[in-house]
Amino acid sequence: MTEKFQFEPSEPATLADHYDLVIIGSGGAGLVSALQARELGLHPVVLEKMPTLGGNTIKASSGMNAAETNVQLRQGIVDSFAEFYEETFQGGGRLNDPALLEYFTTHSGQAIDWLRLHGIFLNDLTLTGGMKKKRAHRPESTAPVGAYLINNLLWLLAQVKIPVYTNTRVTELLKDETGKIKGVKVELLGSEKTLKTKAVVLATGGFGASKQLLKRYRPELAEYQTTNQSGATGDGIFLGAEIGAQPIQMELVQIHPTVQQDTEKVFLIGEAVRGEGAILVDQFGERFTDELGTRRVVSQKITALPERSAYLIYDQAVKERVKALAFYEAKGLVLKADTLTKLAAKLELNASALEDTLRQWNTVVETGVDVRFGRTTGMTHKLAQAPYYAIHVAPAVHYTMGGLHIDQKARVLDRNGAVIPGLFAAGEVTGGLHGNNRIGGNSIAETVVFGRQAAQQAAVYLED
Ligand code: ADP
């Protein structure tokens, strides 16, 4: 892909009346599905309701989890699908759907290979909370994974001329008298149109930006800030439910612990920052948690502090290991000082307490034992290289684990557990894979693994 590549969405007037496969949503799941479908000989279309492409995926920062990859072996990391399964299952409170989790973990390595075959290289590794092994694959430049993935996928879609329409909202799924998908209704340029198709992939993302759904399922979260783009309103849940699909685990909503929310725009500070060695301190300048515990636990710990927020503290070396930090700095979200004393003054913290905390932390790194909080990962480098940095963070609504019930073949199931013929779903719109807590790096992996699977199974379905 050339650096200057700018994707041009299709002209509205060219929207046809019929497609082999209609893919709703242009995040990771939708774009991966589209490419996979084309490679299996189908003519798909991607419909996106927003003026911009990439959904929440384009904002993803940490990486894409996968086990048993060559990238891991090159770094001497011997991993297994079984460990990936087990850690995800534990992290999700053992509420994950075992069949989905099994498919997901055992196809993660292939997904990395598939991307590599398409020139999408995730050759570097980092850690995310709840994982004991470096499993989050990211670009070698350490650039945020989401934008890298989406831009490359759009470039690939352009090469094979897959039509992608923006400002095109799907408002209804249509079934024939036998219960099979026969089309979709869309709204674009203020008018309605019906498209014929025998298969649909719902890749509409989650409902983190829907006050209506949060109020219904988690009323106490309805007024929280969210890291989600404004189009993450759970449309796929409504579209599916109207034709009998079953939403499951809708009350399982993930709060991300480290979100900068002091400016009008909300910025998620990726887990890689902690994975690469940053610590969290409270208003006394002291650590209060294993920074790489699961998102649920770290969020609870921050919310339990009197000011319900904390500071991420890191040094120049961490900054160099996580490219996104330069971006946050450019956005004015980072406080910086030549010495810890000066940083403490900027944060209005007790300087000697902050210095003590770093001294203790560096001993933890040296000995490899975190007696107080039991952190075991992301502690290979001391925090000792000036200048020092701080980012003010607090939890925000980040991800909705619940969604439409699917099987291993990404087929949408109805309330009786029967397949709705022709309806597939992938990505955050689905429920069950993550249990009560999604592990960082698993959402990008989910979009690739199940985005591919949805297209593969749609191809099989359309052949019959
Ligand atoms: P995932 O990570 O599962 O791929 P994303 O949030 O990245 O999900 O992408 C989902 C995309 O689907 C978003 O760009 C969103 O705007 C789009 N979308 C949601 N509802 C509709 C709809 N009714 N019609 C068309 N696009 C939609």
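So, here is what we can say about the structure in this document. (Residues numbered from 1 in each chain as written. Predicted model: local features only at pLDDT ≥ 70, side-chain atom pairs only at ≥ 80, totals over all residues. Heavy atoms only, no water.)

Looking at the pattern of salt bridges
Per the counting criterion, the structure on display carries 24 salt bridges. Salt-bridge contacts for D17 lead to K193; the nearest nitrogen and oxygen are separated by 3.6 Å. Here the residue D17 occupies a position in the segment before β1 (21-24), and K193 occupies one in strand β9 (residues 191-196), the gap between them amounting to 176 residues. Residue classification places D17 among the exposed positions, given a relative accessible area of 52%. Overall, the relative accessible area of 24% leaves K193 in the partly exposed class. One salt bridge connects D356 with R359, and the closest N-O pair in it is separated by 2.8 Å. (Salt bridge = Lys/Arg side-chain N within 4 Å of Asp/Glu carboxyl O. Helix = DSSP H or I, 4+ residues; strand = E, 2+ residues; numbered from the N terminus. Buried < 20%, exposed > 50% of the residue type's maximum accessible area, 1.4 Å probe, protein only.)

Let's talk about the packing of aromatic side chains
On inspection of all chains with the given rule, the structure shows 9 aromatic pairs. Measuring from ring centre to ring centre gives 5.6 Å for Y85 and F89, while their planes differ by 45°; the resulting arrangement is tilted. Here F89 and Y85 lie together in helix α3 (residues 81-91), a separation of 4 residues that amounts to about one turn. Each member of the pair, Y85 together with F89, is buried. Here F207 and Y217 contribute two aromatic rings whose centre-to-centre distance is 6.4 Å and whose plane-to-plane angle is 50°, an arrangement assigned as tilted. Placement of F207 in the loop between β10 (199-202) and α7 (211-217) and of Y217 in helix α7 is noted, with a sequence separation of 10 residues between them. Relative accessible area serves as the criterion here: at 27%, Y217 is assigned to the partly exposed category. The rings of F267, F327 and Y328 are connected pair by pair, giving a single aromatic cluster. The ring of Y399 has R438 lying over it, and the distance from NZ or CZ to the ring centre is 4.1 Å. (Phe/Tyr/Trp six-rings, centres within 6.5 Å; stacked < 30°, edge-to-face > 60°. Lys NZ or Arg CZ within 6 Å of the ring centre and 35° of its normal.)

A few points about the layout of surface pockets
Quantified by volume, the second largest pocket comes out at close to 290 Å³. Along the wall of the second largest pocket there are 18 residues; nearest its centre are P421, G422, Y461, L462 and D464. Of all the secondary structure elements, the ones that give two or more residues to the lining of the second largest pocket are β8 (181-188), β20 (419-425) and α15 (442-463). The element contributing the most residues to the lining of the second largest pocket is β20, with 6 residues. (1 Å grid on protein atoms, 1.4 Å probe; cavity = no way out; pocket = protein on both sides within 12 Å on 5 of 7 lines; lining within 4 Å. Points joined across faces, edges and corners; volume = space filled by probe spheres on them.)

A short note on the nonpolar core
It is characteristic of soluble globular proteins that their nonpolar side chains tend to be buried jointly. Judged by nonpolar contacts, the single largest core of 82 residues is most densely connected at L47, M64, L173, L202, L423 and F450. At 9 residues, the largest contribution of residues to this core is made by α15. Among residues more than four places away in sequence, those in contact with L423 are L173, I181, V200, L202, I243, A410, R411 and V412. Residues V273, Y314, V334 and L354 belong to the second largest nonpolar core, which totals 42 residues. (Core = buried A, V, L, I, M, F, W, Y, C linked by side-chain atoms within 4.5 Å. Contact = heavy atoms within 4.5 Å.)

Considerations on the sheet that holds β8
Here we have 3 strands laid out as an open sheet, ordered β7-β8-β9, and antiparallel in their pairing. Of all strands in the sheet, those with a lone pairing partner are β7 (168-175) and β9, marking the two edges. Adjacent strand axes in the sheet meet at a mean angle of 25°, parallel and antiparallel pairs treated alike. Examined bridge by bridge, β7 and β8 share 7 bridges and lie antiparallel to one another. Residue pairing across strands places R169 opposite E187, the latter belonging to β8. (Pairing = 2+ DSSP bridges. Axes fitted to C-alpha atoms, helices over the stretch in contact; angles between N-to-C directions.)

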